[in-house]
Amino acid sequence: MISGANILASVASAWGTANAALANTDATFSGNLTLDISRTLFVGNATVNTAISAGSITTNGVALDIGRNRIINGAMEIDQRNAGATVTAPATAVYIMDRFLTNRAAVSIVADYSQSTTAPAGFQNSAKIIATTGAAPGAGEILSYRQRIEGYNFADLGVSGKEWVLSFWVYASVAGNYTIRFVANTNYYYLAGYTIDFADTWQKIEIPMSSPTSGTPLTTTGIGLGIEWSFASGSTYTGGTSTWSTGNSGYTSLAAYNTNAFLTTSNVVHITGVQVEA
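These figures come from a predicted structure and were not determined experimentally. (Residues numbered from 1 in each chain as written. Predicted model: local features only at pLDDT ≥ 70, side-chain atom pairs only at ≥ 80, totals over all residues. Heavy atoms only, no water.)

Peer 1: Help me understand the overall build of the chain in this model?
Peer 2: In terms of helices and strands, the chain carries two helices and 17 strands. The proportion of buried residues among the 278 residues of the chain is 40%. A separation threshold of at least 6 residues defines the contact pool for the chain, and within that pool the share at least 24 residues apart is 72%. (Helix = DSSP H or I, 4+ residues; strand = E, 2+ residues; numbered from the N terminus. Buried < 20%, exposed > 50% of the residue type's maximum accessible area, 1.4 Å probe, protein only. Contact = heavy atoms within 4.5 Å.)

Peer 1: What's the story with the sheet that holds strand 11 (residues 142-150) in this structure? I'm lost.
Peer 2: Hydrogen bonds between backbone groups are what pair the strands of a sheet, and the pairing can be parallel or antiparallel. Pairing in this open sheet of five strands is antiparallel, and the strands run 8-11-16-13-14 from one edge to the other. Of all the strands in the sheet, just strand 8 (100-105) and strand 14 (188-196) have a single pairing partner and so form its edges. Sheet twist, expressed as the average angle between the axes of neighbouring strands with direction ignored, equals 25°. Bridging between strand 13 (residues 176-184) and strand 14 involves nine bridges; their strand directions are antiparallel. Within strand 14, the position partnered with Thr 179 by the bridge is Gly 193. (Pairing = 2+ DSSP bridges. Axes fitted to C-alpha atoms, helices over the stretch in contact; angles between N-to-C directions.)

Peer 1: In this structure, what is going on with the sheet that holds strand 10 (residues 126-133)? I would like to understand it.
Peer 2: Taken in spatial order, the six strands line up as 7-9-10-17-12-15 in an open sheet, and their pairing is antiparallel. The sheet terminates laterally at strand 7 (87-88) and strand 15 (203-210), the two strands that pair on one side only. Of the pairings in the sheet, the one linking strand 12 (residues 163-172) to strand 17 (residues 268-277) comprises seven bridges and is antiparallel in character. Across the sheet, residue Tyr 171 finds its bridge partner in strand 17, namely His 270.

Peer 1: Looking at this structure, how should I read the pattern of salt bridges?
Peer 2: Inspection of every chain in the model, using the stated rule, returns four salt bridges. When the shortest N-O distance is used, the salt bridge between Arg 68 and Glu 277 registers 3.8 Å. Note that Arg 68 is positioned in the loop between strand 6 (62-63) and strand 7 and Glu 277 in strand 17, a separation of 209 residues in sequence. Here Lys 204 ties to Glu 206 by a salt bridge, and the two come within 3.7 Å at their closest N and O atoms. (Salt bridge = Lys/Arg side-chain N within 4 Å of Asp/Glu carboxyl O.)

Peer 1: Which parts of the structure should I look at to understand the nonpolar core?
Peer 2: Among soluble globular proteins, nonpolar side chains are generally buried collectively. Counting residues in each nonpolar core, the largest one holds 48 residues, and the members touching the most others are Tyr 145, Leu 166, Phe 168, Phe 182, Trp 229 and Phe 231. Dropping the residues within four chain positions of it, Phe 168 is found in contact with Ile 180, Tyr 194, Gln 203, Lys 204, Ile 205, Ile 207, Trp 229, Ile 271, Thr 272, Gly 273 and Val 274. (Core = buried A, V, L, I, M, F, W, Y, C linked by side-chain atoms within 4.5 Å.)

Peer 1: What is the right way to read the pairing of strand 10 from this model?
Peer 2: In regular strands, side chains alternate between the two faces of the sheet. Pairing analysis gives seven bridges linking strand 9 (residues 110-116) to strand 10, with the strands arranged antiparallel. Directly across from Gln 115, in strand 10, lies its bridge partner Ala 127. Here strand 10 runs beside strand 17; their pairing, made up of four bridges, is antiparallel. From the neighbouring strand, Ile 129 faces strand 17, where its bridge partner is Val 269.

Peer 1: What exactly am I supposed to notice about unusual backbone geometry here?
Peer 2: Trans peptide bonds make up most of the peptide bonds, and negative phi angles are found at most residues other than glycine. Phi angles above zero are rare outside glycine, and Arg 99 is one such case at about 80°. Along the chain, Arg 99 turns up in the loop between strand 7 and strand 8. Look at Arg 99 and you get partly exposed, because its relative accessible area is 34%. Of note, Asn 185 is a non-glycine position whose phi angle comes to about 50°, a positive value. Mapped onto the fold, Asn 185 is located in the loop between strand 13 and strand 14.

The following block contains the structure:
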């Protein structure tokens, strides 16, 4: 029995020695096991054979898809900056839960963002956005929530025409049609509409996508894929199409998918379980 909070096995330059020591060995681990390897490592016992390689793990031939989701903190469990405290959305973007930002250019609507324990089955937390002052947005006003995936983490899905899916759980005081804006390959934008069918009910949304056929996927720390959930948009930000286009850059909502989630004070939106997967 090998126990401990973290065990790090670095197998790169001394592969032969490490392989001889680890092969055909039975061991039980308590805690977290991190393997930093450059080749395939096989660890086994009488009942389970596990092949661990760069980016994938299979157990008895079943893929576990380690690292498949390109979203970080999609379950909204990590809130290092604010430790659960409420943040009133400022005019500039700020991080709420780790990796997720506000986007507000609004005077009429005032909203608080926070980590919440309201969540669908299988999740512990969600992001909560609540209107402390509800209103109709002015022409140049917007209120949204977003994550930017680094180029390094999305480059393989960003290749021309590559298919992938965004999925998430959402709960809103106002049912209706809403928009998500995607940005990829530096300056290509896509507006996707979806419908929340029932108010005050958790609903899973899945949006099939394919990457733009123009432009070059980033292999840097820049924005490989930006995702922005729009919950209130004025006329300046409403328009565009569901096609990858540089002409969509000025819009965050489709005209037919521009429900205002925060018309009334105390209206709320929760989001969790965000995934981007091929």
